[in-house]
Amino acid sequence: MTPRTLFLALQTLAVVFGDIGISPLYTFDVMFSKYPILGEDDVLGALSLVLYTLILMPLVKYVLVVLWANDDGEGGIFAMYSLICRNAKVSLIPNHQLQAEKRMSSFRLKLPTPELERSIKVKEKLESSPLLKKLLLGLVLFGTAMFISNGVITPAMSVLSAVSGLKVGIPHASQDIVVMISIALLVVLYSLQRYATSKIGFIVGPCLLIWFCCLGGIGIYNLSRYGPAAFKAFNPLYIIHFFGRNPFKAWLSLGGCLLCATGSEAIFSNLCYFPVRYVQSMFVLLVLPCLVLVYLGQAAFLIANQKSSKRIFFSSIPSEAFWPVFLLANLAALIASRTMTIAVFQCLKQSIALGCFPRLKIVHTSRKFMAKIYIPVVNWFLLASCLGFIVLFRSTNDVGNAYAIAELGVMIMATVYVAIIMLLIWETTIVKVISFVTTFLFLELIFFSSALSSVGDGGWALLIFASGLLMIMFIWNYGSKLKYDSEVKQKLSKDLVRKLGPNLGTMRAPGLGLVYSEIVKGVPAIFGHFLTALPAIHSIIVFVCIRNVPVPVVPQSERFLFQRVCSRGYHMFRCISRYGYKDKKQEHHNTFERLLIEGLEKYIQREAVELSLQSEDDIDSDEEPSTPARIITAPNGSLYSLDVPLLMDFAPSVEPIPETPCCSTPQDPALDYTQNLELELAFIKQAKQTGAVYLIDNPIVKARKDSWFFKKLTINYFYAFLRNNCRRAVVSMSIPHSNLLQVRLTSYV
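Per chain, residue numbering runs from 1 following the sequence as it is written. Given that the model is predicted, a residue must reach a pLDDT of at least 70 before its local features are reported, and side-chain atom pairs must reach 80 or more before they are shown or counted; all residues, however, enter totals for whole chains, interfaces and linings. With hydrogens and water stripped out, all remaining heavy atoms of the structure feed into the side-chain values.

Short version of the rule: UniProt positions are given in the numbering used here, feature names are shortened, and annotations may be inferred rather than shown by experiment.
By the naming in an unreviewed UniProt entry, the protein goes by Potassium transporter and is assigned to Brachypodium distachyon. As recorded by UniProt, the Subcellular location (unreviewed entry) comment attached to the protein reads in full: "Membrane". Within the UniProt record for the protein, the comment given under Function (unreviewed entry) is "Potassium transporter."

1. A look at the overall build of the protein
Rules: Strands here mean DSSP runs of E at least two residues long; helices mean DSSP runs of H or I at least four residues long; both are numbered from the N terminus. The classification of residues rests on relative accessible area computed with a 1.4 Å probe and restricted to protein chains. Under 20% of the type maximum is buried, over 50% is exposed, and intermediate values are partly exposed. Any two residues whose heavy atoms approach within 4.5 Å at even a single point are treated as in contact. Residue burial considers only the protein chains on display, and all accessible areas are found by Shrake-Rupley using a 1.4 Å probe.
Helix and strand counts for the protein come out as 27 helices and 12 strands. When each of the 749 residues of the protein is scored for burial, the buried share is 56%. The long-range fraction of contacts in the protein, counting pairs at least 24 apart against all pairs at least 6 apart in sequence, stands at 84%. Accessible surface, the protein as shown: approximately 31700 Å² in total, 63% of it carbon and sulfur.

2. A closer look at the nonpolar core
Keep this limit in mind: Residue types Ala, Val, Leu, Ile, Met, Phe, Trp, Tyr and Cys, when buried and joined through side-chain atoms within 4.5 Å, form a set referred to as a nonpolar core.
Counting residues in hydrophobic clusters, the biggest one holds 183 residues, and the most contacted among them are Phe-17, Phe-28, Trp-211 and Phe-313. Broken down by element, this core gets its largest block of residues, 19 residues, from helix 19 (residues 396–424). Residue contacts for Phe-28: discarding those within four places in its chain leaves Ala-46, Leu-47, Val-50, Tyr-295, Gln-298, Ala-299, Leu-302 and Ile-312. Core analysis: the next-biggest nonpolar cluster, separate from the first, contains 27 residues, Cys-575, Tyr-579, Ile-597 and Tyr-603 among them.

3. Things to note about the packing of aromatic side chains
So the rule is basically this: Working definition: rings of Phe, Tyr and Trp (its six-membered ring) pair if their centres are within 6.5 Å, and the pair is stacked with planes under 30 degrees apart, edge-to-face with planes over 60 apart, and tilted otherwise.
A complete count under the given rule lists 34 aromatic pairs for this structure. Measuring from ring centre to ring centre gives 5.7 Å for Phe-28 and Tyr-295, while their planes differ by 85°; the resulting arrangement is edge-to-face. One end of the pair, Phe-28, is in helix 2 (residues 27–34); the other, Tyr-295, is in helix 15 (residues 276–304), with 267 residues separating them in the sequence. Judged on exposure class, the residue Phe-28 and its partner Tyr-295 are both buried. With centroids separated by 5.8 Å and ring planes inclined at 70°, the aromatic side chains of Phe-560 and Phe-592 adopt a geometry described as edge-to-face. Of this pair, Phe-560 sits in strand 5 (residues 560–565) while Phe-592 sits in helix 24 (residues 589–613); the two residues are 32 residues apart in sequence, bridging distant segments of the chain. The same class applies to Phe-560 and to Phe-592, which are both buried. Following the ring pairs from residue to residue traces out a cluster consisting of Trp-211, Phe-313, Phe-314, Phe-322, Trp-323 and Phe-326.

4. Observations concerning the pattern of salt bridges
Keep this limit in mind: Here a salt bridge means any side-chain nitrogen of Lys or Arg lying within 4 Å of a carboxyl oxygen belonging to Asp or Glu.
According to the stated counting rule, one finds 13 salt bridges in the structure shown. Of the charged contacts in the structure, one is a salt bridge between Lys-483 and Glu-487, with a shortest N-O distance of 3.0 Å. Separated by four residues within a single helix, Lys-483 and Glu-487 lie in helix 21 (residues 459–489), roughly one turn from each other. Just as Lys-483 is buried, Glu-487 falls in that class too. The closest approach of N and O atoms between Arg-594 and Glu-598, which form a salt bridge, is 3.5 Å. Of this pair, Arg-594 and Glu-598 both sit in helix 24, separated by four residues, roughly a single helical turn. Within the structure, one salt-bridge network assembled from shared partners comprises Lys-483, Glu-487 and Glu-518.

5. Looking at the sheet that holds strand 11 (residues 740–743)
The criterion, for reference: Any two strands with at least two DSSP bridges between them are considered paired. Helix axes use the C-alpha atoms of the stretch in contact, all axes being lines fitted to C-alpha atoms, and the angles between their N-to-C directions lie in the range 0 to 180 degrees.
Read across the open sheet, the six strands follow the order 5-6-4-3-9-11; overall the sheet is mixed. Both outer strands of the open sheet, strand 5 and strand 11, are each paired with one neighbouring strand and no more. Going from strand to strand, the sheet's axes swing by 25° on average, the running direction of each strand aside. In this structure, strand 3 (residues 507–516) lies alongside strand 4 (residues 536–548), joined through eight bridges in parallel fashion. Residue pairing in the sheet places Ala-509 in a bridge with His-538 of strand 4.

6. Concerning the environment of Lys-125
Inspection of the secondary structure assignment puts Lys-125 in helix 5 (residues 117–128). Overall, the relative accessible area of 52% leaves Lys-125 in the exposed class. When the C-alpha atoms of Lys-125 and Ala-88 are compared, they prove to be 9.7 Å apart, with 37 residues separating the residues in sequence.

7. Notes on the side chain of Asp-29
Here is the rule: Counting rule applied: Lys, Arg positive; Asp, Glu negative; His and chain ends not counted.
Here Asp-29 lies in helix 2. Buried charge without a salt bridge: Asp-29, with Arg-311 as the nearest opposite-charge side chain at an N-O distance of 6.4 Å. Look past the residues within four positions of Asp-29 in its chain and what remains in contact with it is Ser-309, Lys-310, Arg-311, Ile-312 and Asn-397.

8. Topic: the packing of helix 17 (residues 322–353) against helix 18 (residues 376–393)
For clarity, the cut-off: Here the word oblique covers every angle except those under 35 degrees (roughly parallel), over 145 (roughly antiparallel) and from 65 to 115 (roughly perpendicular). Crossings are assigned a handedness: left-handed for a near helix turned anticlockwise from the far helix by less than a right angle, right-handed for a clockwise turn. Nonpolar residues are Ala, Val, Leu, Ile, Met, Phe, Trp, Tyr, Cys and Pro. Charged residues are Asp, Glu, Lys and Arg, and all others, Gly as well, are polar.
At their nearest, the axes of helix 17 and helix 18 sit 11 Å apart, and the two run at 130° to each other. Classified by the angle their axes make, helix 17 and helix 18 are oblique. Crossing angle aside, the handedness with which helix 17 passes helix 18 is right-handed. Between helix 17, through Thr-341, Val-344, Phe-345 and Leu-348, and helix 18, the contact on the second element is made entirely by Val-378, Asn-379 and Leu-382. Tallied by class, the residues present in the contact of helix 17 with helix 18 amount to five nonpolar, two polar and no charged.

9. Comments concerning helix 2
Counting buried positions along helix 2 gives seven out of eight residues, so the element sits mostly inside the fold. Taken together, the buried positions of helix 2 are occupied by Thr-27, Phe-28, Asp-29, Val-30, Met-31, Phe-32 and Lys-34.

10. Here we look at helix 17
To keep it simple, the criterion reads: For a helix, the expected span equals 1.5 Å multiplied by the residue count minus one.
Between its first and last C-alpha atoms helix 17 spans 47 Å; for 32 residues at 1.5 Å apiece the expected length is 46 Å, and the two agree. Looking one or two residues beyond helix 17, the residue adopting positive phi is Gly-355, at roughly 80°.

11. Regarding the confidence of the model for the protein
Under the convention used in this document: Per residue, pLDDT captures the predictor's confidence, and it can take any value from 0 to 100.
Looking at the protein, pLDDT values average 81 and 83% of them are 70 or higher. Here strand 8 (residues 639–641) is the element of the protein with the lowest mean pLDDT, 35, and helix 3 (residues 40–63) is the one with the highest, 94. Overall, residues 108–112 carries pLDDT values under 50, and its contacts beyond four positions in sequence, including any with other chains, amount to 12 contacts. Of the regions scoring below 50 in pLDDT, residues 615–670 engages in 72 contacts with residues more than four places distant in sequence or in other chains.

12. Some thoughts on the environment of Leu-681
Tracing the chain through its elements places Leu-681 in helix 26 (residues 669–690). Counting along the chain gives 79 residues from Leu-681 to Lys-602, while the straight-line C-alpha distance between them is 9.9 Å. Dropping the residues within four chain positions of it, Leu-681 is found in contact with Glu-601 and Gln-605.

Rendered as structure tokens:
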């Protein structure tokens, strides 16, 4: 094994499998709180349920199937949604996909082939049904809300379960002490979270390797001490007998059984760090065998000690090794909490990039690895919520009930989206799709019904928390879409822009004006306000739209998409700056300006080459009809042409080309384009030297007076609150105030 392979293996353990590795601390405890042990068959039935749940959920569903539904290495429910949006026009997110973006290298994925009629019909059905589009978006928002809730419950459950082992080592320790120690550990964890994503992350891999080996060792010890009777649980008939003796209590215990698979979604969400093959190999060769051994060992211990149904894991540890294992269990619990927090950061980054969550400050903690991020606001929000759950319930059983609901909500959404990907993109046979959906959706709905039966014992708080998150995402998406639609309706036509110039006496001042807007076509309405309010506009105007496209990464060479606005003489362009949901968007404004101007110069050069290759007739047909020169008088008495603004003032000093007589042969068109190219590049260079000014619209969005009450409440209060407290899209560029001009108008939607 090479050093690189060993390093990736340890990092995979630390980042991907921390959550599922802590499940033996509480799975049997929650199960047997619903189904008391009356004999050996009860233990074997519960163990058989756990073993087959481990095999079906984490192994078959996630490791063997769901991991392949990644979006160019990026995992999570939003990654699956973006993958579907790229292969079918189902996105309801503002800033719809441009045709030009489909030619980006990141979009070159395998599309449904024409030979498969079923795949084409699925695509057409999704694209033609507004109801299905809304349903897909609603499901991804619901799944995200449950996943974030899972990120709150995981630290509470993991740390509380690990610290509760103190009652085994010190029998007279009270629950208050357990709660206080848990709170202290979580405060320390989240305080170090910013560094845990980059520095501490390199040492937790070996710690988790020791933990999994410890789990396997404890399992082997208990099997050797209490006998191999637990191996009989591989016979699935024990599950039937388990339900036959007490069907209702067995059904209630399913919510606790599902806890053995907690962390399955984190395996997929944290996939961005590692190749799929590494994750699969580590799970099959190390994680799954150690988990199976520790559950077999706990069952062997319970068969011999049927009255010990609380804190089973710590009770089954040899007395000589109790305190080292206790400390290691607490460290593993903190690593599991860290794993889930990192997954929440990744999920929120994807949702922010795709316009489904208010913009937040994202800190990149590594220069080498783009996926290592830290979101300060979310970090402290997760800490406060986690402490709230611990103080509210104080018991692992009640927290476990909420844990099962959150995990199952994410699992069900993953099943639905993988089924769509199998039909639409993978072009899987209908038999395999039906088998996958019926098997896992049936099992998950049964588990979910069991978990919902415990709503009164702790699940209610989780549902309220997830509903609040879902409401935030819905309001943000709804308000952003209305705002975008309003801007599209109010955009100016090119003809109107031409007329506004001479009518308002606008002059062109040297410099580069970057007008920011969210629309990708047409001239934004805010530009008309600049024309009427400002005494002059810049010699070069670029309408900049920062777009988040549904791909993980946009190559730097494909970052900018340029297009001319009006005729060549106006020097007005549109620039669409495209970012994937994995891209870093924290360029300094100087870097952004340099890259934008370089892209603009390349666009003009490419345009000149393309025009020079065309025939003279084609060139003439592409030219806009000539119009009489429009001259205005500036306050200082100078004359300015609106058709060719300031172009002659910045032309390089060259000898004038003598006019060609009427009877002579016309000049070569390629020479004209070469000269125009030199003039325009010199013009851009002069504007660059003068400096850039950022013209930004920061509107106040309000509902129209004739809108219904709930729309007014949503837009005027809730959405306005989110907009006023979220991060602006251009804040990360560190634009100096002297180069920034913001306009705040009221936009009615």
